[in-house]
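# Close look at the chain arrangement
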Amino acid sequence: MMVKHVLLSMGDIKKNNNEGIHYGRVMTFGLSEDELEVLRNSLPSKNTEVFDTDEATDLVALAAEVLIIKADALDKEGRELLLDYYNEVGDSCDEAVFWIG
């Protein structure tokens, strides 16, 4: 598993009153270094971490509030994995998924 981890600040997991655990994590797949830099500079909170991965399984295995995925960077197996996962979990997932392309 190859994950490039960019920690913007400490405290990514914290209690958030009665809302459970707040992860403060954005996971990306297929973004360029320039796109990652724009993302980092655009985040409203410096308590958010950005995980850039090149493994599709990381996108379903690791908790994140936001997923940003460049579709053309995924191979057929990765696309099928994600589509199968989200078809199975349906409305029970609470992350925002941005599918580019």
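Up top is the structure.
Parameters at a glance
- Along each chain, residues carry numbers from 1 onward, in the same order as the chain's sequence is written.
- Local features in this predicted model are restricted to residues whose pLDDT is 70 or higher, and side-chain atom pairs enter the listing and the counts only when it is 80 or higher, whereas totals over whole chains, interfaces and linings include all residues.
- Hydrogens and waters are ignored; side-chain quantities use all the structure's heavy atoms.
- Here a strand is any run of E in DSSP of at least two residues, a helix any run of H or I of at least four, and the numbering for each starts at the N terminus.
- Each residue's exposure class comes from its accessible area (1.4 Å probe, protein chains only) as a fraction of the maximum for that residue type: buried when under 20%, exposed when over 50%, partly exposed otherwise.
- Contacts: residue pairs with any heavy atoms within 4.5 Å of one another.
- In this description, accessible areas are obtained by the Shrake-Rupley approach with a 1.4 Å probe, and a residue is regarded as covered only by the protein chains that are shown.
- The rule for pairing is simple: two strands pair if DSSP sees at least two bridges between them.

## Some details on the overall build of the chain
- For the chain, the count of helices and strands is 3 helices and 7 strands.
- Sequence-ordered secondary structure for the chain, helices as α and strands as β, is β-β-β-β-α-β-α-β-α-β.
- Counting only residues that meet the buried cut, the chain has 32% of its 101 residues in that class.
- If you take every contact in the chain between residues at least 6 apart in sequence, the share linking residues at least 24 apart comes to 66%.
- A total accessible area of about 6,500 Å² is found for the chain, and carbon and sulfur atoms account for 52% of it.

## Concerning the pairing of strand S4 (residues 25-29)
- Across the 5 residues of S4, 5 count as buried, placing the element largely inside the fold.
- Residues Arg 25, Met 27 and Phe 29 line one face of S4 and the alternating positions Val 26 and Thr 28 line the opposite face, and both faces are buried.
- Pairing of S4 with strand S5 (residues 49-53) involves 5 bridges; the strand directions are parallel. Within the sheet, the bridge partner assigned to Thr 28 lies in S5 and is Asp 52.

## Description of the environment of Phe 51
- Mapped onto the elements, Phe 51 comes out in strand S5.
- Along the primary structure Phe 51 and Leu 67 are separated by 16 residues, whereas in three dimensions their C-alpha atoms are 9.5 Å apart.

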